[in-house]
Amino acid sequence: MISQLFFSLIAIALLALLVVQGRRRRIWSFLLLAACGFLMYELLLSFREDAFSSFVYQWGGFQNLQFSLHLSGTPEIDKILLSLLGSAVGLVYLNSVYWGENHKLTVNTAVLLNVAAFILLLCSKDFVQLMVGSSCLAILGFYLIPDMESKRKFIFYGFLSEMALFTALAVVYEVIPSMNLQDMEQFSTIGRHKDLVALLILLCVFCQAGMLGFQNHILDLQTLTFNRIMIFCLTSLPLSSLVIFTKLRPLLVASQYTEPVLSIWLAAAAAWCLVAMLLTDSLKAAAIYLNLLFYAFSLAFLGVCPDGLDRVINFFPAALLLNILLMMVNNAASNELYVSRLGGLARHIRFTFVLSLAGVAAFIGSFLNVPAVAEKIAFIYLAVVLTGLSSIMSRVFLGKANADDKVMALLKNPSPLYWLPLIGVFVWLGWEYPFWRNKMFYAFFGAFILLLLIAPFRFCGRWSDDEDVQEADWFNDLYQIVILAPLRLLGRVLWVLVDFIVIERSIIGTVAQTSDFLVSGLQKLQGSVRQSYLLMIALGLAVLLLNMGYEYYE
Amino acid sequence: MLQNWLFLLPETFLLTFLPVAALVNRYRADKTPKTFFTLSKYCLIAAMISTIVFYNQSPLPKLWQNTAFTALFKIVIYLVGLAWFYLSSKWFLAKNKMSLVFYVYAMLAVLGMDLLLSAATFALPAVIVPFLCFLIWRMLHLMTDEEDVAEVSRLYAFWSCFFCLLLWGGIFLFWNQLHDLSFEGIKAFLSRPHVIALWEYAAVTLIMAALLFMMAAAPFHSWLVDVITLAVLPVGGLLTVLLPFVCLACLISLMCGVFLSLADFMQPVLLFFGVVSLIVGALSANGETNLRRLFAFSTVYNLGFMLFGIVSFKTVALLGAFAYTVIYVLSMAGIYTVFLGLKSRGNYLVCVDDIGGLSEVKPYLSAALLIFMFSLIGVPPFLGFVGRLSVINNLIVDERWLHVVLLMLSLLFMANAYLQVIRKIYFSPLKNSFDRTDKAIYICLFINLILVVISLLNPGYLLHDAELVLSGAF
Amino acid sequence: MNSPLALLSLIVALPLFGVFFALTSKDDADKPGRNAFNVCVFTLLANIVLIWRIFMILDEESGSLQLIERFRWLANPEINIMFGVDTFSLLLILAVHLSVLAGLAGVRRNIVKQKSLMVFTLLFLSMATGFFVAADIFSFYIFFEAMLIPLFMIVGIFGEVKKQGTVYRFFLYNFLGAIILFSAVMLIYHMHGSVTLEEIAGLKWTRRLDVYIWGAVFLAFLSRIPVWPFHFWISSVCAGLRNPLAFIVTALLPLTGIYGFIRFLPEPVPFPLNVFVDWISIIGIVTMLFIALIGFINKDSQYKIFSYITVYYILYLLGAFSGDEMVLLNIGFSLFSFMLIFSSLETLLTHILRKEEQEDIRSSGFLCKTKRLSFACSYLTIAAVGMPLSAIFINNFFILSKLLASNVKMGMVLIFSLVMVGCTLLQELFRLKTDNPACRADRNDDISFPVFAFFIFIMFILLMSFINPLWFVIDE
């Protein structure tokens, strides 16, 4: 079924991209949605029937180096794909109805291709397929971003992450001359440069997931529409980080530094995201920080639950939910992005407010049903998210009304096209995770409501108009100062000093001057004057005589 | 007796040119520069045929002896001479000047070279070498301004007389002691086991000095460079192409035929002259803006290469040097043929700057010049590579590593000099307008290139028969 | 396996026949040089078909030279011209042909001295092909030196290099390397006669001779590769070249050095030359870093491509030193894709630069208005940096793996250099793609459809090479 799913997704996507032209793109978009739904249904059926297909194709290589394309299903893989496909169906639906998306068909195609690339990554059993899957996600993500500056940052980070992964696997390959991921278990016993490999894999994962220090390319996604932000964050490159983290876990555990680095970094990333969420004025930025927080949580979760990838993917609908909530607010307020220009909306769009609270409740409920070993992490995550979210929601719904008259006049609740499916999601989440039975739910939800009402962080709103804070790109500036500027300076110095002074002026100049000196010297000796003739002939005769004398006296 | 007269045919034919040319000049009304070429052509062809037929027959064996070795070199001289005479006639036609004097001198020069190659006694070189010097001196004055050549003429006259005296001195020493000037006699005398006296060293030294002066091996090269620069193009070509070839043949003949027992004595001298020729030729060519001067220094450089080739006096080494020399002759003949095509407003161009952008209007001339220059450097796949290979292979066999290094380094400098010309022709913008090139020049170039290609594809044609001859000769 | 059909001689000789036809082709008044151009393209295509045919006859599993052809040339010294191929050399020949074809796409509208350019290009192609099919030391040396002449003429006449001095210093410098190799070849010949390339790695001499011969061989090949300080000559020429074909032909020169190392490297490398090899590796890595940094700051797009080429060539050089059979095979496959990529990129970028100069169009944002060019540049750049769009991705993995295993610190510097040149190329791509109102380019400045189709074909080859480097070989 997996292989059929994979090829079906590609076929549908290519058909949509290459064949469909003209005006009926919305209709085709819905047809795509239907196709996705059908595929998901087929997958569900085969999952229930325990029909796990195996597909292996020897696709490349030469002589004794062969690579295979594996698209084989297992219960875990099928489960993961079901969850992801469900999220993908939701995203395709959202794209199809979202008024802000002008290229519905193209974006939906990108979703399908992302899922196909994810399948490639998920089913990988060797390095090559793993790297290819990850690269495909990076390349597809590139095409989702319309803004050139954002594309640039994205591709640089993507490239950096691919190179880190590439390098780590190259080091491993020479020690364990096998490309099979199953053989990575041996690395902890016989591997060399374990710390380096672990650090490189963590670098790859952090770049892809947008963790602290490597988040610029994801933050730049603020130029995208909400739907594209969701697609990117939940089906594109960051998703790849989770799979890589899981698949290459044996390499990570071989190093003693993995755990401390992971803990510190993720904690720092979470703290950073929280602070940023409290300070940011943009709803899109807030959505992005929420997604980054989600990935920090996911990585931490996978750190303690090695086989928890299916659980993490199951959390995707919940993560999507938060994005949708913020999108709904933006939608309701006539596309007003800035929190400081909203406020007091609860009275005017009560339904949206209630929907948001229900969404938060469903979100909390989703994260309470975690294994005991991950409970602490889940609770910390919930605490951080709820703190940040409460700050934004209190300023939007409960705070002082700062929206202008036009926005206030056009405030409206979302159409049924949005809230009906959303309610369906709430119901499903409630059914999947019966959170109302859990005491912690009430504790968290109660705390959220409290924070919403008290709004202890409302003072952060004073920096809403401060461009230095809002437009700050401290990490970018740090890279410029610490890395790029010294590199540029070094490059210039090397070019001037080595190429120009040492080689051109010194070496070449010396050789050229020496040969010019010899040539001009000889020219002077050979002028058509008697002295030069005399000199030359005397020299020759002298040699002849010397030779004669030497031979004779010998 | 009659057959002795027959054996004299080659020389006779060459001499016949003189009275016939005189008669034609006196009595023929509609003579052109080509007329005398036609006469010289028949004489040369006849001489060549008779040389081939009587290649090992000698009319006066005590004076000169014809062998396969001498025949080989003479045939090359006749063929090259024929081609050059033909091309020279074009020069005279273009200049609208009478060519009688040139052809007289040239034919006499060929005769002199002919006899010098076959000489069996030092009496002959004693006469011919001064005669050749005289001819060169006269040719220098041919159709040139007296003021321009006065200084060089005086210098050349002085020094050629000086070296002729040295030659006579050396010959006299042999005569004084042996009363025998024949090569066989002197060879037998020198080869016998004995302690070599000072006079023997002196005699050989004096003779070799004269020969090296004739060859224009550096540091005795100045006259050749100045003469070629100032003389008219036909004379310059003749001297550049034929003179080194003949002198090398004489050197080989003397060293391997007469002075073989003193080869070790002469080796350091030849090496010294070879080294200096390489250095002087390569370095001096770099500073030149006059084409003829540049290629004159190139001649000096190539002479150095040839000297390195023969210095061990083994058959294999001689074969290598011979191959190199023939390739040199072909290449230089080709270059001078191209020079005959470099005309602008009736004037033959001599300055490197004047031929800027030649490739735009004369692509085939430029290509030919390119091929010949790269051939002289010895870059594969051109024929010169075979020559370079032969010489260097022999040096390596003799384990003369320093000489190999020197050859390689000098090659770089020489290549740089040629690159200046190539740069002008191909990389510079067009400077002058060029006159239409005579078809004869293209024909000669084509034949030259065909020979080059055939020799390249099957060097056996060039080397195999020559190897047999040289092996047989020594 | 001996060849009954002299196919190898044919692929060497065919461009020479092409020269003859190009020289004798008629010049149209309105399109001068067009016929010569067509002759050149046709000759190339014919040769490619022959190469493809040879691939089908070749046994890919065999590591030795096949289809041996031997011609007696000189009797004394005894020198034969010997040809033979294996998969590695044949791939490189094919890559050279395709690269030159890409370059021709960039000069198709050239009207100044087009005939001369085609003649010299065919000559270069013949010499380069001869170089790769050479099976003994003399044949190898002859073509090693012979290719310098057409290269020099192409660069000098058509390169539009501002400083003429750099051009003939470039020639002299390479000529010096060729002369050094000549001395080594003569020595080898003196000791062992005319040996084949397969035998050469196993030859043994005294220690002194080992030092001299292998030292000379190393120096000669190193002179072709832009390792410091030998990089200066090639960089000063490449940076000034505005003709894509001239650039491509010049950039193929380091390939001859690498190929030479692969064929000649002794097993094991005798002492003290193994120390020499270690030093070359260190200098190579430093050069990579240094060139990568300069390429990063340099605004000239030609220099950026040059820095990319240099870094990759040195990577292959370091891989060649490993002596591992699998690594060498990977180098061959990777080189194939690498050559296609850089030659195509160069042609496309020169198209933009030419538009910039001739029509005063700013290059920043050029690709916004030219879709075909944008697609082609994007694909090629992404493939160039090592994404899985060509064989470079897989093959470089194996090469880097080996290098990291031998010395992880040097390997990390190497990786850093690769990242730097990747960033350099991406930077350039984005500069061209970032919308700039001052850029007046429009659809008419895009590449024509036939040229685009050709580059699509190249991209197809690259993609297929990722799946199977020998995908085009059909077993008989």
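Residues numbered from 1 in each chain as written. Chains lettered and ligands numbered in written order. Predicted model: local features only at pLDDT ≥ 70, side-chain atom pairs only at ≥ 80, totals over all residues. Heavy atoms only, no water.

Draft legend 1. Structural detail: the overall build of chain B. Within chain B, the regular secondary structure consists of 20 helices and two strands. Whereas a compact globule of 474 residues would reach a radius of gyration of roughly 23 Å, chain B reaches 22 Å, a difference of no more than 12%. Considered along the principal axes of its C-alpha atoms, chain B spans approximately 65 × 60 × 45 Å. Per-residue burial over chain B gives 65% buried out of 474 residues. A sequence separation of at least 24 residues applies to 80% of the contacts in chain B between residues at least 6 apart. Counting every atom, chain B has about 16200 Å² of accessible surface; 66% of that belongs to carbon and sulfur. Charge centroids of chain B, computed over 27 positive and 23 negative side chains, lie 8 Å from each other. (Helix = DSSP H or I, 4+ residues; strand = E, 2+ residues; numbered from the N terminus. Rg over C-alpha atoms; globule rule 2.2 N^0.38 Å. Buried < 20%, exposed > 50% of the residue type's maximum accessible area, 1.4 Å probe, protein only. Contact = heavy atoms within 4.5 Å. Areas by Shrake-Rupley, 256 points an atom, 1.4 Å probe, with all protein chains shown as cover. Lys, Arg positive; Asp, Glu negative; His and termini not counted. Charge placed at Lys NZ, Arg CZ, Asp CG, Glu CD.)

Draft legend 2. Geometry of the packing of helix 18 (residues 375-398) of chain A against helix 21 (residues 439-454) of chain A. Residues and elements named next belong to chain A. At their nearest, the axes of helix 18 and helix 21 sit 8 Å apart, and the two run at 35° to each other. Like other packed secondary-structure pairs, helix 18 and helix 21 cross with a definite hand, here right-handed. Where helix 18 approaches helix 21, its residues Phe379, Leu382, Ala383, Leu386, Thr387, Leu389, Ser390, Met393, Ser394 and Leu398 are matched on the opposing element by Met440, Phe444, Phe448, Leu451, Leu452 and Leu453. Tallied by class, residues from the contact of helix 18 with helix 21 come to 13 nonpolar, three polar and no charged. (Axes fitted to C-alpha atoms, helices over the stretch in contact; angles between N-to-C directions. Left-handed = near helix turned anticlockwise from the far one by under 90°. Nonpolar A, V, L, I, M, F, W, Y, C, P; charged D, E, K, R; others polar.)

Draft legend 3. Spotlight on the side chain of Gln267 of chain B. Looking at the secondary structure, you find Gln267 of chain B in helix 12 (residues 263-286). Once residues lying within four places of it in the same chain are set aside, the contact partners of Gln267 of chain B are Val311, Ser312 and Arg400 of chain B.

Draft legend 4. Looking closely at the environment of Ala346 of chain A. Within the secondary structure layout, Ala346 of chain A lies in the loop between helix 16 (316-332) and helix 17 (350-366). Linking Ala346 of chain A and Phe397 of chain A, residues 51 residues apart in sequence, is a C-alpha distance of 4.6 Å.

Draft legend 5. Spatial organisation of the interface of chain C and chain A. Taken together, the contacts link 54 residues of chain C with 51 residues of chain A. Summing both partners gives a buried area of about 4800 Å² for chain C against chain A, and 81% of it is carried by carbon and sulfur. Ranking the residues of chain C by area buried against chain A places Ile297, Phe397 and Phe430 of chain C at the top, with a combined share of 14%. In this structure, the connection of chain C to chain A is made through two residue pairs in polar contact (both at pLDDT 80 or more). Elements with a contribution of two residues or more to the side of chain C that touches chain A: helix 10 (231-238), helix 13 (273-297), helix 15 (325-359), helix 17 (371-384), helix 18 (391-406), helix 19 (408-433) and helix 20 (449-467) of chain C. (Buried area = accessible area lost by both parts, 1.4 Å probe. Polar contact = N/O pair within 3.5 Å; in protein donor to acceptor, adjacent residues only side chain to side chain.)

Draft legend 6. Fine view of the interface of chain B and chain C. Between chain B and chain C, the contact holds 37 residues from the first and 33 residues from the second. Around 3200 Å² of area is buried between chain B and chain C when both sides are counted, 79% of it from carbon and sulfur atoms. Considering only the side of chain B, the residues that lose the most area to chain C are Leu389, Leu412 and Phe427 of chain B, jointly responsible for 19% of the buried surface there. Taken together, the connections running from chain B to chain C amount to one salt bridge. Note that Arg388 of chain B and Glu145 of chain C form a salt bridge whose closest N and O atoms lie 3.0 Å from each other. The interface formed by chain B and chain C holds three residue pairs in polar contact (both at pLDDT 80 or more) in total. (Salt bridge = Lys/Arg side-chain N within 4 Å of Asp/Glu carboxyl O.)

Draft legend 7. Fine view of the state of the cysteines. One pass over the full model with this rule turns up zero disulfides over all chains. Of all cysteine sulfurs, the one in Cys123 of chain A lies closest to Cys136 of chain A, which takes part in no disulfide; the gap is 13 Å. Residue Cys136 of chain A is classed as partly exposed on the basis of its relative accessible area of 26%. Residue Cys377 of chain C stays outside any disulfide, its sulfur separated by 12 Å from that of Cys368 of chain C, the closest cysteine. (Disulfide = S-S within 2.5 Å.)

Draft legend 8. Region of the structure containing the packing of helix 17 (residues 384-397) of chain B against helix 5 (residues 137-146) of chain C. For the pair helix 17 of chain B and helix 5 of chain C, the least separation of the axes is 13 Å and the interaxial angle reads 130°. The angle between the axes of helix 17 of chain B and helix 5 of chain C places the two elements in the oblique class. The crossing of helix 17 of chain B and helix 5 of chain C is right-handed. Facing Phe385, Arg388 and Leu389 of chain B of helix 17 of chain B, the residues of helix 5 of chain C in contact are Phe138, Tyr141, Ile142 and Glu145 of chain C. In terms of residue class, the contact of helix 17 of chain B with helix 5 of chain C is built from five nonpolar, no polar and two charged. (Parallel < 35°, antiparallel > 145°, perpendicular 65-115°, else oblique.)

Draft legend 9. Spotlight on the side chain of Ser281 of chain C. Residue and element names in this part refer to chain C. Structurally, the position occupied by Ser281 is in helix 13. Residue Ser281 is classed as buried on the basis of its relative accessible area of 10%. Each residue touching Ser281, except ones within four places of it in the same chain, is listed here: Leu318, Phe321 and Met410.

Draft legend 10. Representation of the environment of Ala168 of chain A within the structure. Residues and elements named next belong to chain A. When you line up the elements, Ala168 lands in helix 6 (residues 148-175). Judged by its relative accessible area of 0%, Ala168 falls in the buried class. Along the sequence, Ala168 and Leu196 sit 28 residues apart, while their C-alpha atoms lie 7.6 Å from each other. With sequence-adjacent residues up to four places away left out, Ala168 is seen in contact with Val197, Leu200 and Ile201.

Draft legend 11. Representation of helix 12 (residues 253-264) of chain C within the structure. All names here are of chain C. Relative to the 16 Å expected for 12 residues at 1.5 Å per residue, helix 12 spans 17 Å between its end C-alpha atoms, a close match to the ideal helical length. In terms of burial, helix 12 is largely enclosed, as 12 of its 12 residues are buried. The set of residues buried in helix 12 consists of Leu253, Pro254, Leu255, Thr256, Gly257, Ile258, Tyr259, Gly260, Phe261, Ile262, Arg263 and Phe264. (Expected span 1.5 Å × (residues − 1).)

Draft legend 12. Molecular detail of helix 10 of chain C. Of all eight residues that make up helix 10 of chain C, seven are buried, and the element is covered over most of its length. What helix 10 of chain C keeps buried is the set His231, Phe232, Trp233, Ile234, Ser235, Val237 and Cys238 of chain C.

Draft legend 13. Structural context of unusual backbone geometry. All names here are of chain B. Going from Ala218 to Pro219, the amide bond is cis rather than trans, its omega being 10°. For Pro219, the location among the structural elements is in the loop between helix 9 (198-215) and helix 10 (222-230). Of note, the bond from Pro380 into Pro381 is cis; its omega dihedral lies within 30 degrees of zero at 5°. Residue placement: Pro381 occurs in the loop between helix 16 (363-377) and helix 17. One non-glycine residue, Asn96, lies in positive phi territory at about 60°. Relative to the elements of secondary structure, Asn96 occurs in the loop between helix 4 (68-95) and helix 5 (100-118).

Draft legend 14. Structural view of the nonpolar core. Within the largest apolar cluster, 631 residues are counted, with the highest numbers of intra-cluster contacts made by Phe174 and Phe259 of chain B together with Tyr308 and Phe338 of chain C. Per-element accounting of this core gives the leading share, 18 residues, to helix 11 (residues 233-257) of chain B. With residues near it in sequence (within four places) discarded, Tyr308 of chain C still touches Phe338, Ile341, Phe342, Ala384, Ile392, Val421 and Leu425 of chain C. (Core = buried A, V, L, I, M, F, W, Y, C linked by side-chain atoms within 4.5 Å.)

Draft legend 15. How the structure looks around the packing of aromatic side chains. For the structure shown, the criterion picks out 107 aromatic pairs over all chains. The interplanar angle of 70° and the centroid separation of 4.9 Å between the aromatic rings of Phe122 of chain B and Phe183 of chain B together place this pair among those described as edge-to-face. One end of the pair, Phe122 of chain B, is in the loop between helix 5 and helix 6 (123-140); the other, Phe183 of chain B, is in helix 8 (residues 183-191), and 61 residues separate them in sequence. Note on Phe338 of chain C and Phe342 of chain C: the rings are 5.2 Å apart at their centroids and 55° apart in plane angle, and the pair reads as tilted. Taken together, the positions of Phe338 of chain C and Phe342 of chain C, both in helix 15 and four residues apart, correspond to about one turn of that helix. Cluster of aromatic residues (ring-pair linked, three or more members): Phe88, Phe131, Phe132, Phe140, Phe144, Phe218, Phe221, Tyr259, Phe261, Phe264, Phe276 and Phe321 of chain C. Taking the ring centre of Phe142 of chain A as reference, the NZ or CZ of Lys151 of chain A above it sits at 4.7 Å. (Phe/Tyr/Trp six-rings, centres within 6.5 Å; stacked < 30°, edge-to-face > 60°. Lys NZ or Arg CZ within 6 Å of the ring centre and 35° of its normal.)

Draft legend 16. Structural context of the pattern of salt bridges. In the structure shown here, the tally under the stated rule is 18 salt bridges over all chains. Here Asp220 of chain A makes a salt bridge to Lys153 of chain A, at a shortest N to O gap of 3.4 Å. Here Asp220 of chain A, found in the loop between helix 9 (216-219) and helix 10 (226-235), pairs with Lys153 of chain A, found in helix 6; they are 67 residues apart in sequence, far enough to count as distant. Taken as a pair, Asp220 of chain A and Lys153 of chain A share a single burial class, namely buried. A salt bridge links Arg263 of chain C to Asp86 of chain C, with the shortest nitrogen-to-oxygen separation between them at 3.0 Å. Of this pair, Arg263 of chain C sits in helix 12 while Asp86 of chain C is found in the loop between strand 2 (79-85) and helix 3 (87-106), placing the two residues 177 residues apart along the sequence. For the residue pair Arg263 of chain C and Asp86 of chain C, the accessibility class agrees, reading buried in each case. Each member of the salt-bridge network shares a partner with another, and the members are Arg530 of chain A together with Glu151 and Arg154 of chain B.

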